[in-house]
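# Coordinate analysis (summary)
One-letter residues, chain by chain:
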Amino acid sequence: MDAGSVTFLLVFLIGIAFLFDLLNGMHDAANSIATIVSTRVLSPFLAVLWAAFFNFAAYFIGHHFGFEAKVASTIGKGLIDPDMVTNAVIFGALMGAIVWNVITWRLGIPSSSSHALVGGIIGAGVAKAGFPAIQWAGLSKTLVAIVLSPVTGFVLGILLVVLISWLFVRANPARTDGIFRKLQLLTSALYSIGHGSNDAQKTAGIIAVLLYANGYYTEFTVPAWVVLSCFTIMGIGTMLGGWRIVHTMGSKITRLTPMQGACAESAGALTLFAATYMGIPVSTTHTITSSIVGVGAARRVHAVRWGLASRIVWAWVITIPAAAIMGAVFYGIGELFIGT
């Protein structure tokens, strides 16, 4: 290819990465706003703006504390060998994740954009170079987090509801409700910061390894402009919303009070902050859904619609293999039309 064709291809693939980031923000808007909408603390429109702002603000908070690129590094070089990455691999990984996201979005299923991307990367990488391409240490860390993050959110959700219920057992119910309506503005903001910090970095990692594979950097690095761009686009995607999934997570799983909503958001935020600090790409969808289930179960077991919850879990289970298959298929298409 001549220099002009290479540049056009690179811009095209970065554009696809930004499209995934935009869809990720739309798909995961429910993660940030479902609880605060279901408790009627904010209207859907204001909740989306609130979440989008803090999704974007997460970049500056992460930069201040020095973890704005830890997850990006895991995605970019911790799942498959970056020296085996080609343009066709990136195309396959992104398109596999995008197609799975669109399918689950249309069906209103809160599946994981993060694990769709992980599956797409693994599928495209294995299609290119076989199983030796996999970085098993990074992949195993991610697979452990698939189980650990929802379990952590579930347990923290139960513990926080029990603790808060004990602390406010003699308080006036109306006054308590008013306190937690105000507090939920803070807890939803914290969750949106955790969501933005973890999720926007995943696309940044893909773009970083793409630049490395095309020789723009002699060693893997995550440029600041890439990270900031991904945070900005995710914020825009969140503003566009994902209303089908908001309805599923905000009211179909269990009914929430402002106190329970604050507990669910706090449990999810704590889980995401810990994972992001350790550089682990976890599913924000898994985390908040399990936190909501934990909060509902703390009230009473039958408060949770377990049939719906089990169908969501099955969607989680099949996300990585389904996206991996799609990633491998789109890698083949990329080989035909893009080449290396």
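Because the structure is predicted, anything quoted here is derived from the model rather than measured.

## So, the overall build of the chain
Helix and strand content of the chain: 13 helices and zero strands. Written out in order from the N terminus, the α and β elements of the chain read α-α-α-α-α-α-α-α-α-α-α-α-α. At a minimum sequence separation of 6, the contacts of the chain that also span at least 24 residues come to 87%.

## So, the nonpolar core
Membership of the largest hydrophobic core comes to 59 residues, with the highest contact counts inside it found for Leu94 and Ile121. Mapped onto this core, the elements with two or more residues apiece are helix H1 (3-27), helix H3 (44-65), helix H4 (70-77), helix H5 (87-107), helix H6 (113-129), helix H8 (173-213), helix H9 (224-240) and helix H13 (306-337). Not counting residues up to four positions away in its chain, the partners in contact with Leu94 are Leu13, Ile16, Ala17, Phe20, Leu117 and Ile206. Counting residues in each nonpolar core, the second largest holds 18 residues, with Ala145, Ile164, Leu272 and Ile292 among its members.

## Remarks on a nonpolar patch on the surface
Residues Phe45, Leu46, Leu49, Ile236, Met239 and Leu240 make up a contiguous nonpolar surface patch of roughly 570 Å² in combined accessible area. When contributions to the nonpolar patch are tallied by element, the ones reaching two or more residues are H3 and H9. Tracing the sequence through the fold places Phe45 in helix H3. On the basis of relative accessible area, Phe45 is assigned to the exposed category, the value being 58%.

## As for the packing of helix H7 (residues 136-167) against helix H11 (residues 258-277)
A packed helix pair is summarised by two numbers, namely the angle formed by the two axes and the spacing between the axes. With their axes 8 Å apart at the nearest point, H7 and H11 run at an angle of 140° to one another. Relative to H11, the element H7 lies oblique. You can see that H7 and H11 cross each other, and the crossing is right-handed. Across the interface between the two elements, Ser149, Thr152, Gly153, Leu156, Gly157, Leu160, Val161, Ile164 and Ser165 of H7 pack against Met259, Cys263, Ser266, Ala267, Leu270 and Thr271 of H11. Looking at the contact of H7 with H11 residue by residue, the class counts come to eight nonpolar, seven polar and no charged.

## Comments concerning the pattern of salt bridges
For the structure shown, the criterion picks out two salt bridges. Asp199 is paired through a salt bridge with Lys202; the nearest N and O atoms lie 2.5 Å apart. Taken as a pair, Asp199 and Lys202 lie in helix H8 at a separation of three residues, close to a single helical turn. The residues Asp199 and Lys202 share a single accessibility class, namely buried.

## A word on the layout of surface pockets
Its boundaries defined by the atoms lining it, the second largest pocket holds a volume of some 230 Å³. Around the second largest pocket, the lining comprises 14 residues; the ones closest to its centre are Ser165, Thr176, Thr257, Met259 and Gln260. The set of elements that each furnish at least two residues to the lining of the second largest pocket consists of H7, H8, H11 and helix H12 (284-299). The element contributing the most residues to the lining of the second largest pocket is H8, with four residues.

## Focus: empty space enclosed by the protein
Here the structure, examined in full by the defined rule, presents two cavities of 30 Å³ or more. One number sums up the size of the largest cavity: a volume of about 40 Å³. Ile75, Gly76, Ile80, Val85, Val89, Ile90, Ile121, Ile206 and Val209 are the residues that line the largest cavity. Of all the secondary-structure elements, those providing two or more residues to the lining of the largest cavity are H4, H5 and H8. Split by residue class, the lining of the largest cavity holds eight nonpolar, one polar and no charged. Reported here for the second largest cavity is a volume of approximately 40 Å³.

## Remarks on the side chain of Gln201
In this fold, Gln201 is placed in helix H8. Classification of Gln201 by relative accessible area gives buried; the value is 0%. There is a polar contact of 2.8 Å between the side chain of Gln201 and the backbone oxygen of Ser197.

## Remarks on H6
Turn by turn, an α-helix covers 3.6 residues, leaving residues three or four places apart pointing in a common direction. Here H6 is 17 residues long and its end C-alpha atoms lie 24 Å apart, about the 24 Å a rise of 1.5 Å per residue gives. Most of H6 is tucked away, with 13 of its 17 residues classed as buried. Looking at the residues trailing H6, positive phi occurs at Gly130, about 80°.

Conventions adopted
- Numbering of residues begins from 1 in every chain and follows the order in which that chain's sequence is written.
- A pLDDT threshold of at least 70 governs which residues receive local features in this predicted model, and a stricter bar of 80 or more applies before side-chain atom pairs are shown or counted, although totals over entire chains, interfaces and linings include all residues.
- Note that water and hydrogens are dropped before the side-chain values are worked out from all heavy atoms of the structure.
- What counts as a helix is a DSSP run of H or I of at least four residues, what counts as a strand is a run of E of at least two, and both are numbered from the N terminus.
- The contact rule is simple, with two residues in contact once any of their heavy atoms fall within 4.5 Å.
- We call a set of buried residues a nonpolar core when its members are Ala, Val, Leu, Ile, Met, Phe, Trp, Tyr or Cys and they connect through side-chain atoms within 4.5 Å of each other.
- Burial classes: relative accessible area under 20% of the type maximum marks a residue as buried, over 50% as exposed, and values in between as partly exposed (1.4 Å probe, protein chains only).
- Patch membership requires over 30% relative accessible area and the absence of a salt bridge. Like charges are linked within 9 Å, and nonpolar side chains (Val, Leu, Ile, Met, Phe, Trp, Tyr) within 5 Å.
- Using a 1.4 Å probe, accessible areas were evaluated by the Shrake-Rupley method; residue-level cover was limited to the displayed protein chains.
- When a carboxyl oxygen of Asp or Glu is within 4 Å of a side-chain nitrogen of Lys or Arg, the pair counts as a salt bridge.
- Orientation is described by lines fitted to C-alpha atoms, with helices fitted over the stretch in contact, and by angles between N-to-C directions that extend from 0 to 180 degrees.
- Each angle receives one of four descriptions, namely roughly parallel if under 35 degrees, roughly antiparallel if over 145, roughly perpendicular if within 65 to 115, and oblique otherwise.
- Two helices crossing with the near one rotated counterclockwise from the far one by less than a right angle form a left-handed crossing, whereas a clockwise rotation gives a right-handed crossing.
- Basically, the charged four are Asp, Glu, Lys and Arg, the nonpolar ten are Ala, Val, Leu, Ile, Met, Phe, Trp, Tyr, Cys and Pro, and anything else, Gly included, counts as polar.
- With a 1 Å grid laid over protein atoms only, a set of points is called a cavity when a 1.4 Å probe fits there but cannot get out and a pocket when it is open yet has protein on both sides within 12 Å along at least five of seven lines; lining residues have an atom within 4 Å of a point.
- Grid points are joined across faces, edges and corners, and a volume is the space filled by probe spheres set on the points.
- Each polar contact in these results corresponds to two N or O atoms within 3.5 Å; when the atoms are within protein, one needs to be able to donate a hydrogen and the other to accept it, and residues that are neighboring in sequence are counted only if both atoms are side-chain atoms.
- To estimate how far a helix should extend, the number of its residues minus one is multiplied by 1.5 Å.

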